[in-house]
Amino acid sequence: MTTAQARAAATVTLPMENGTRPLVAFPQKRPLIVLTPRPPQLETPFQIFDEGILTPNDAFYVRWHLSGIPATVNGATHRIRVDGLVKHPMNLSIEDLRTKFPQVEVVAVNECSGNSRGLFSPRVAGGQWDNGAMGNARWTGVRLSDILAKAGLRDGVRQIRFSGLEKPPLPATPAFVKALSIEDVIDNGDILVAYEMNGAPLPLLNGYPVRLVVPGWYGTYWMKMLDNLEAIDTIDDNFWMKTAYRIPETPGNTVKPTDTGYKTVPINKLTVRSFVTNVQDGGRLRAGPRTIRGIAFDGGSGIKAVQFSSDGGQTWHNATLGEDYGRYSFRRWQIAFTAQRAKTYELACRAVANSGETQTTVPVWNPSGYLRNVIETYKVSVS
Amino acid sequence: MKGTLLRFLTLASAVAVLGATYGTVSIKFPTFNVPFKPGPGQDVTIANCRTCHSAAYVYTQPPLTKAQWTAEVIKMRNAYKAPIADADVPTIADYLVTQNGKQ
């Protein structure tokens, strides 16, 4: 695209200061909301979530940290090195994954840790996403636990550390490396090394040819272009674990902007959230009966109920839940609603997870802009 | 109509073949970019910042104070090891305030 074309490209304006963004089609992608072109960070336009429970691969959000992203990846020669404190180090090809292990499918939400950061008040620095840095896909691959069982963990392993082909632009920049504690890996038997997304190879920008899928956990752990799984007997203290992607270890993981000195822990499970997908905040409705519908998800316990309010949260009504795609998936919901002529409404939805967790009435605040799960409200007027 | 259908079938089978194998995938990143706009300190900012990221990292932030922009520049140096000279830190921070700042 030339500069002149880019200037003429469609834009969208997200509900935040400096919220105007171009819509650009990156390779293997339809036009998405460009947060940053290099490294690419692309947001899914929210109306996509109304179209189906699975987010199409070409509409799935994209988030890279470092500009050293390979533009060419050979899926045939790509290998995942399994090493560290294992009895049988391995170099696994995609073919190995497809032929030497049980094949597993899971439908799971991948949500960026910083999803909705642009809606924080007061604002915080960082990637200024609206609510579209998330997606729900059917992932196919091999259980991480099956790979580790084949490799044979030695005694004393405390974490599995992993990396991908994303490389720092400068030699001194910390390489993007993440780790999961062995308890969490054992506890979450659904962590996959996935080579398929919605029945097709992953788009390169979503991690072709293989990425980690950590159902119920934030996207920072879903390593793209996975090339190393390393068993270690320490707690990884690299920048991306020790400094970045930390949440306050306070009740509700929320603090005041003036607070200091509190402990932090690595970000982990998704907070429970729900959204209306077929009505926009500030929108107009036609008078008469209609269906309000949306999505809900949480950090892996599954959605127990979604409630809907048309009076700003004073009274709540149970919505009908849609088909269950598993406890890590978006769950669709819907409810009948009759809009009266010339009235205004404040619609709201709140989800309750099987874990008992629900959404907050006051937005959480933390300096990195993580975990937002306030009850969403949608002011609408009726024509 | 027939041509369209044929093209569709050809495309569908090509996708099916690709779907069954894991070969080489090459993409060409769009030349679309967000540049650092003219202003005092633009050259120093480009020289120090563009190696790693586009100017969209600046213009999509909420407006920040000079102290906040300075903290961001220092973070780029300390956390991400951008080789920014001491003398360039205030120059870059001042430029960022002119681009997306507040009092």
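The structure under discussion appears in the preceding block.
Residues numbered from 1 in each chain as written. Chains lettered and ligands numbered in written order. Predicted model: local features only at pLDDT ≥ 70, side-chain atom pairs only at ≥ 80, totals over all residues. Heavy atoms only, no water.

Here the focus is the overall build of chain B. Within chain B, the regular secondary structure consists of 5 helices and 1 strand. When the helices and strands of chain B are listed from N to C terminus, the series reads α-β-α-α-α-α. Considering only contacts in chain B between residues 6 or more positions apart, those separated by 24 or more positions represent 59%. Accessible surface, chain B: about 6,100 Å² in total, of which carbon and sulfur atoms supply 66%. (Helix = DSSP H or I, 4+ residues; strand = E, 2+ residues; numbered from the N terminus. Contact = heavy atoms within 4.5 Å. Areas by Shrake-Rupley, 256 points an atom, 1.4 Å probe, with all protein chains shown as cover.)

Before going further, it helps to spend a moment on the nonpolar core. If you look at the biggest cluster of nonpolar residues, it comprises 117 residues, and the most contacted ones within it are L97, W139, I147, V193, L229 and W333 of chain A. When near neighbours in sequence (up to four residues on either side) are disregarded, W139 of chain A contacts F60, V104, E105, V106, A108, L192, A194, E196, M197, R211, V213 and W222 of chain A. One finds V58, L64, I84 and I92 of chain B within the second-largest nonpolar core, a separate group that totals 14 residues. (Core = buried A, V, L, I, M, F, W, Y, C linked by side-chain atoms within 4.5 Å. Buried < 20%, exposed > 50% of the residue type's maximum accessible area, 1.4 Å probe, protein only.)

Throughout the structure, instances matching the rule amount to 20 aromatic pairs over all chains. When the centroid spacing of 5.2 Å and the interplanar angle of 85 degrees are considered together, the rings of F176 of chain A and W240 of chain A count as edge-to-face. With F176 of chain A in the loop between β11 (159-164) and β12 (177-181) and W240 of chain A in helix α5 (residues 239-242), the pair connects residues that are 64 residues apart, well separated along the chain. By relative accessible area, which is 4% here, F176 of chain A ends up buried. Between the aromatic rings of W240 of chain A and Y80 of chain B, the centroid separation amounts to 5.9 Å while the plane-to-plane angle is 55 degrees, which identifies the pairing as tilted. With W240 of chain A in helix α5 and Y80 of chain B in the loop between α4 (66-78) and α5 (88-100), the pair connects residues from two separate chains. You can call W240 of chain A buried: its relative accessible area is 2%. (Phe/Tyr/Trp six-rings, centres within 6.5 Å; stacked < 30°, edge-to-face > 60°.)

Another aspect to go through is the pairing of strand β22 (residues 303-309) of chain A. All names here are of chain A. Of all the 7 residues making up β22, 6 are buried; the element is thus mostly covered by neighbouring parts of the structure. The sheet contact formed by β22 and strand β26 (residues 344-353) spans 6 bridges and is antiparallel. Following the sheet pairing, V306 is matched in β26 by A351. (Pairing = 2+ DSSP bridges.)

With 13 residues, α5 of chain B ought to run about 18 Å at 1.5 Å a step, and its terminal C-alpha atoms sit 18 Å apart, in line with that. Of the surrounding secondary structure, the elements contacted by the buried residues of α5 of chain B are α2 (42-49), α3 (56-59) and α4 of chain B. (Expected span 1.5 Å × (residues − 1).)

Geometric descriptors of this kind do not, in isolation, establish any biological role.
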